[in-house]
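Coordinate analysis (summary)
One letter stands for each residue in the lines below.
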Amino acid sequence: MEAVAIELDAISAISGTSAAPFAQVAVTLTKLEHIQLVMEARCWKSLHQRAVSRLQQLQDSTKRFVAQLRDHAERREATLHAALALAQEAATQREATLGAELDLAQAKVRDLQQRLFGRKSERSKGPSELQPRPGYQPARRGQRRGAPGHGRKMLAHLPERVETVGLDSPQCPACGEALDEFPGTEDCEVLEIEVKAYRRLIRRRRYRPTCRCGCVPGIVTASAPNRLIERGKFGVSVWATVLLDKYLYGRPSHRLLQDLGHHGLDMSPGTLAGGLQTLAPMMTPVVEAMLAKLRSEPHWHADETRWAVFVPMDGKVGHRWYLWVYHSPSVVHYVLDPSRSAQVVEDELGEVACGIISCDRYSAYKKFARLHPTFRLAFCWAHQRRDFLELGNAHPLMLEWAMRWVDAIAQLYRLNDLRLEEPRGSALHTEHDVALRGALQDMADQRARSLSEAALCGPALEVLGSMDRHWAGLLVFVDHPLVPMDNNIAERAHRTPVVGRKNFYGSGSLWSGQLAAAMYTLLMTVKLHKINPRTWLLAYLQACCDAGNRAPTDIRAFLPWAMTAAELAVMRACPVGVAAAGVPTIEGLDTS
């Protein structure tokens with residue numbers, strides 16, 4: 001009983017409660033039952049403690065898991081935010097790239113539309129050009145109202161064919177009495193042209209000896225006249241017409257053959273090609289003399305354009321060759337080459353000690369100038385102006401800005417023209433020279449300020465950057481007034497070959513391309529000296545004919561700078577009549 005009471009007191013102490021009413025009730029238990037109850041109580045107490053510990057572990061684990069989830073979620077959220085920011089930045093960059101590509105595509109479309117359908121003149125009618133400049137009034141084109149005209153030019157140097165016209169029945173219409181002829185005539189003129197093919201029938205006289213000395217063995221016959229092509233039936237005037245028609249007037253050979261056929265002169269394409277190939281070596285000595293003259297001069301204009309040569313070549317893909325032109329004060333020299341490298345310039349001018357080359361900004365000229373420091377490159381202001389015009393056309397928002405630069409360049413041209421009009425060393429020349437240099441300095445300052453502007457678009461910065469890089473070459477004309485501001489002389493020299501390229505595409509063989517370059521050299525050089533190309537070519541081919549199907553030994557008579565004033569006057573005149581050798585020059589096509 002005492003043991004049970006003690007256990008009950010222990011249970012009450014454990015439970016922490018005051019004695020309940022039944023705590024005063026005595027219960028009789030056996031020792032075994034008491035042990036079992038104690039052990040069960042301890043068991044349940046241990047289970048309770050383990051459950052509490054387990055619950056605490058689960059709560060701690062749950063807290064750690066929740067913390068991990070929260071941390072993972074935060075990291076995931078941060079990653080997603082970073083990815084979203086990157087995606088937004090990439091989308092912004094892509095949008096900017098696509099916008100730039102769209103602007104570039106639209107600029108190309110506008111440029112192509114301008115090339116195909118726009119005005120060919122580079123003069124633009126932008127807002128700044130529509131406003132009148134102070135003190136400047138553009139000259140009106142055409143004859144001015146009230147100004148005396150030049151009248152009709154009747155070309156009195158042409159030969160006359162007199163036609164007399166009378167009445168069919170010179171009598172009075174009323175009474176029928178005959179009309180007497182009145183002295184004199186009323187004359188009028190009509191200009192006509194006649195081109196005809198004919199045969200030169202050459203009758204060589206034969207002679208027989210009348211003496212008995214025996215020096216003359218038999219019948220003697222006058223020698224046959226020389227022919228331009230050995231055993232050829234076509235004379236000098238035919239080949240002169242062929243060369244001029246193809247290389248000066250740009251007509252394809254098959255059209256010329258059709259035209260000759262309509263005049264009764266039939267020539268096969270093979271005969272035409274064979275004749276031109278035979279004539280090609282005859283042009284070489286004059287071309288070489290012109291090249292030597294070109295190298296002796298201190299200033300050249302240079303440019304290049306494409307030319308097709310339909311001949312396969314090892315190591316070269318396609319048929320695009322290049323026709324280079326070098327224009328000096330006395331010579332226009334053309335070079336046909338498969339490449340567009342600086343080696344072409346080296347071959348042309350590498351033997352010259354020094355000089356100035358007016359050119360565009362193509363890298364071949366820059367490389368040549370680096371290899372030859374004694375040469376200076378005078379860059380073209382027309383190309384610089386063209387950059388601003390193309391910028392304004394491609395980017396309409398920049399049109400007004402670009403046209404301000406175009407106006408500034410036009411002002412440079414006007415100041416330079418005023419300077420060149422005055423004798424060098426005069427007060428007016430000095431005044432205009434100072435004004436020109438001041439305008440160039442203002443332009444340089446404005447370019448530097450514009451390059452530092454952050455709001456300026458990329459294409460505008462590219463144009464100004466190009467001007468800045470080539471500024472030294474753009475200023476060459478300032479210290480050398482005889483050097484033009486632009487390279488238009490060389491570009492104009494390409495007009496005739498470009499017309500030919502458009503009409504007959506190029507050359508079908510290497511010798512044909514070399515002949516084209518030689519003929520362009522000869523014809524453009526004689527035109528530079530205001531020589532009639534037909535007169536010169538007829539005289540030169542006749543000299544080749546007299547020399548026995550080869551170039552004459554002395555070619556100085558055909559070099560414009562070696563001619564006297566009288567010889568130049570003859571060469572500048574139209575070929576009219578019959579030459580001394582009996583070769584018709586213009587009134588018919590010689591088919592001897």
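Each remark here, short or long, concerns the structure printed above.
As the structure is a prediction and not an experimental result, all values here were calculated from the model.

Judged by nonpolar contacts, the single largest core of 115 residues is most densely connected at Leu-228, Trp-381, Phe-388, Trp-401 and Trp-536. The leading source of residues in this core is helix H6 (residues 269-295), at 12 residues. Residue contacts for Phe-388: discarding those within four places in its chain leaves Trp-401, Ala-402, Trp-405, Val-406, Ile-409, Val-463, Leu-464 and Met-467.

On to helix H8 (residues 363-371), then. One full turn of an α-helix is made of 3.6 residues, so residues set three or four places apart face in the same direction. For H8, the full list of buried residues reads Ala-364, Tyr-365, Phe-368 and Ala-369. One side of H8 holds all its buried residues, which, seen down the axis, span an arc of 135°. Exposed positions of H8 whose direction lies more than 90 degrees from the buried face are Arg-370 and Leu-371. Looking at the buried side of H8, the elements it contacts are strand E4 (299-309), strand E5 (320-327), helix H7 (342-349), strand E7 (355-359) and strand E8 (375-379).

The next point concerns the state of the cysteines. Taken as a whole and assessed by the stated rule, the structure comprises 0 disulfides. Cysteine Cys-211 is unpaired, with the sulfur of Cys-213 as its nearest cysteine sulfur at 3.3 Å. Residue classification places Cys-211 among the partly exposed residues on the basis of a relative accessible area of 43%. Take Cys-545: it sits in no disulfide, and the sulfur closest to it among the cysteines is that of Cys-544, at 8.8 Å.

A separate point is unusual backbone geometry. With a phi close to 60°, Lys-530 is a non-glycine residue in the positive phi region. Along the polypeptide, Lys-530 turns up in the loop between helix H17 (510-528) and helix H18 (533-546). Lys-530 sits in the exposed class, given a relative accessible area of 64%. Phi at Asn-549 is positive, roughly 65°, even though this residue is not glycine. Assignment of secondary structure puts Asn-549 in the loop between H18 and helix H19 (565-572). Asn-549 gets classed as partly exposed once you look at its relative accessible area, which sits at 30%.

Let's shift gears to the pattern of salt bridges. Summed over all chains, the structure comprises 14 salt bridges. Of the charged contacts, one joins Lys-196 and Glu-194 as a salt bridge, the two residues approaching to 3.8 Å between their closest N and O atoms. When its relative accessible area of 35% is taken as the criterion, Glu-194 is described as partly exposed. Each of Arg-419, Asp-433, Arg-437 and Asp-479 takes part in a single network of salt bridges with overlapping partners.

Here H7 crosses H8 at 55°, and the two axes come no closer than 8 Å. Taken together, H7 and H8 sit at an angle that is classed as oblique. At the point where H7 passes H8, the crossing takes the right-handed sense. Across the interface between the two elements, Ala-342, Val-345, Glu-346 and Leu-349 from H7 touch Ala-364, Tyr-365, Lys-367 and Phe-368 from H8. A breakdown of the residues in the contact of H7 with H8 according to their chemical character gives 6 nonpolar, no polar and 2 charged.

Our next topic: a negative patch on the surface. Together, Glu-160, Glu-186, Asp-187 and Glu-189 line one region of the surface with negative charge. In this structure, Glu-189 sits in the loop between helix H3 (127-130) and strand E1 (197-198).

Every buried residue belonging to helix H5 (residues 253-262) is among Leu-256, Leu-257 and Leu-260, and all of these are buried. The buried residues of H5 occupy an angular sector of 100° when the element is viewed end-on, so they sit on one face.

Let's shift gears to the side chain of His-529. Following the sequence through the fold, His-529 ends up in the loop between H17 and H18. Once residues lying within four places of it in the same chain are set aside, the contact partners of His-529 are Ser-330, Pro-560, Trp-561 and Arg-572.

Rules of the game
- Residues numbered from 1 in each chain as written.
- Predicted model: local features only at pLDDT ≥ 70, side-chain atom pairs only at ≥ 80, totals over all residues.
- Heavy atoms only, no water.
- Core = buried A, V, L, I, M, F, W, Y, C linked by side-chain atoms within 4.5 Å.
- Buried < 20%, exposed > 50% of the residue type's maximum accessible area, 1.4 Å probe, protein only.
- Helix = DSSP H or I, 4+ residues; strand = E, 2+ residues; numbered from the N terminus.
- Contact = heavy atoms within 4.5 Å.
- Arc of directions from axis to C-beta.
- Disulfide = S-S within 2.5 Å.
- Salt bridge = Lys/Arg side-chain N within 4 Å of Asp/Glu carboxyl O.
- Axes fitted to C-alpha atoms, helices over the stretch in contact; angles between N-to-C directions.
- Parallel < 35°, antiparallel > 145°, perpendicular 65-115°, else oblique.
- Left-handed = near helix turned anticlockwise from the far one by under 90°.
- Nonpolar A, V, L, I, M, F, W, Y, C, P; charged D, E, K, R; others polar.
- Patch = residues over 30% accessible without salt bridge, like charges linked within 9 Å, V, L, I, M, F, W, Y side chains within 5 Å.
- Areas by Shrake-Rupley, 256 points an atom, 1.4 Å probe, with all protein chains shown as cover.
- Lys, Arg positive; Asp, Glu negative; His and termini not counted.
- Charge placed at Lys NZ, Arg CZ, Asp CG, Glu CD.

Any functional reading would require information beyond the geometric quantities listed.
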